[in-house]
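# Structural features, examined
Spelled out, the chains give:
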Amino acid sequence: MVETIVVAAEARERLDRALAARISASRSRLKALILAGQVAIGGRTIRDPGHRVNAGDEIVVAMPPAEPAAPGAENIPLSIVYEDADIIVIDKPRGLVVHPAAGNWTGTLVNALLAHCGTSLSGIGGVRRPGIVHRLDKDTTGLMAVAKNDRAHRSLAAQFADHGRTGSLQRGYLAFVWGAPAQVRGVIDKPIDRHPQARDRMAVRPSGRDAVTHWEIVERYLPRAAPPAPPVASLLDCRLKTGRTHQIRVHFAAIGHPLLGDRTYGQGFKTKAALLPEAAQEALAALSRQALHAYLLAVEHPVTGEEMVFCSDLPPELTALRQSLASGTSAPPSRFPV
């Protein structure tokens, strides 16, 4: 933490320039800290590097610790679904960050993989992302494939870049959302880009990259009120045809059905919890994360070409949520075997 007070000679100076003259850090580094919300003036967070300072302003900069040169091996338990000399498939738990980054330099999946696999992981992704060819959000559970050598990395990366258009790749997610779409199945085709005001969020924007999500309703959940009240929530089977950051969470928020427990994209729906059965209210409060699970992963083996299909059951906290919601259930015909 660095604290400083603006003197009269610096009045009306840009915030990033004023800090660069006082703190031993590059202006680009200070600009990044400002954009990340790490700078406050008089207790108010300032995210504009061009903000003009005034004489007497008390500026506080939260300086993160120095970044380690490379991630280290850590003995973190892994739920391994499959492993051979080329590929490892894990069932990621909630709360596990995939690779080291600001605020999470240790305790990540990469740290765990380095302990489990040693130096055999592919180096194509760089020292901070060895073997990583795709990601799941910190609090999204489910299946991930990791490359154990460069040949496997190139093959898996090509499959994920193709998104299953010409190959066997499939990625299936189970998502609990507020309300229920009017149709049994559909497609969301909306481009996604960084949110214009909140850099830690994504948003549907015309300037964004193509993003396509196919979905199908598995179950609809009725509220505590007697019918004909509309469903208060539903369980969807989602298939990604692109791989954008927060894609499922952003897409369903954009069509008015954000994920249960999503504090980033579904804050406006918190009051709807009162419509849930009492047991479901308790299960949702205990969840403390978005209700999203990567249950299906199908890839071609990077060496043999064999199609490999992996499935993961809902974790206990999502099973409890589903069971508590199911006291008021209206299930359409579905191919999904839950």
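Residues numbered from 1 in each chain as written. Predicted model: local features only at pLDDT ≥ 70, side-chain atom pairs only at ≥ 80, totals over all residues. Heavy atoms only, no water.

## Describing the packing of aromatic side chains
Per the counting criterion, the structure on display carries two aromatic pairs. Consider the rings of Y82 and F310, whose centres lie 5.7 Å apart with planes at 45 degrees: the pair is tilted. Taken together, the positions of Y82 in strand β5 (residues 80-83) and F310 in strand β15 (residues 307-311) put the pair 228 residues apart, joining distant regions of the chain. Of the residues examined, Y82 reaches a relative accessible area of 27% and is grouped as partly exposed. Residue F310 is classed as buried on the basis of its relative accessible area, which comes to 8%. Centroid distance F176 to Y221: 6.5 Å. Interplanar angle 15 degrees. Geometry classified as stacked. With F176 in strand β8 (residues 170-178) and Y221 in strand β12 (residues 212-221), this residue pair connects regions lying 45 residues apart in the sequence. With respect to class, F176 is no different from Y221; both count as buried. (Phe/Tyr/Trp six-rings, centres within 6.5 Å; stacked < 30°, edge-to-face > 60°. Helix = DSSP H or I, 4+ residues; strand = E, 2+ residues; numbered from the N terminus. Buried < 20%, exposed > 50% of the residue type's maximum accessible area, 1.4 Å probe, protein only.)

## Side note on the sheet that holds strand β4 (residues 58-61)
Here we have four strands laid out as an open sheet, ordered β1-β4-β2-β3, and antiparallel in their pairing. Edge positions in the sheet fall to β1 (2-5) and β3 (44-45), since each of these pairs with one other strand and no more. (Pairing = 2+ DSSP bridges.)

## Details of the confidence of the model for the chain
With 94% of its residues at a pLDDT of 70 or more, the chain shows a mean pLDDT of 89. A low-confidence stretch, residues 332-338 (pLDDT under 50), is modelled with 20 contacts involving residues beyond four sequence positions or located in other chains. (pLDDT = per-residue confidence, 0-100. Contact = heavy atoms within 4.5 Å.)

## Points about the pattern of salt bridges
Taken as a whole and judged by the stated rule, the model has 10 salt bridges. For the salt bridge of R322 with E219, the shortest nitrogen-to-oxygen distance reads 2.6 Å. With R322 in helix α7 (residues 316-325) and E219 in strand β12, the pair connects residues that are 103 residues apart, well separated along the chain. E219 gets classed as buried once you look at its relative accessible area, which sits at 10%. Bridged by salt links that share partners, the residues R14, D16 and R27 form one connected network. (Salt bridge = Lys/Arg side-chain N within 4 Å of Asp/Glu carboxyl O.)

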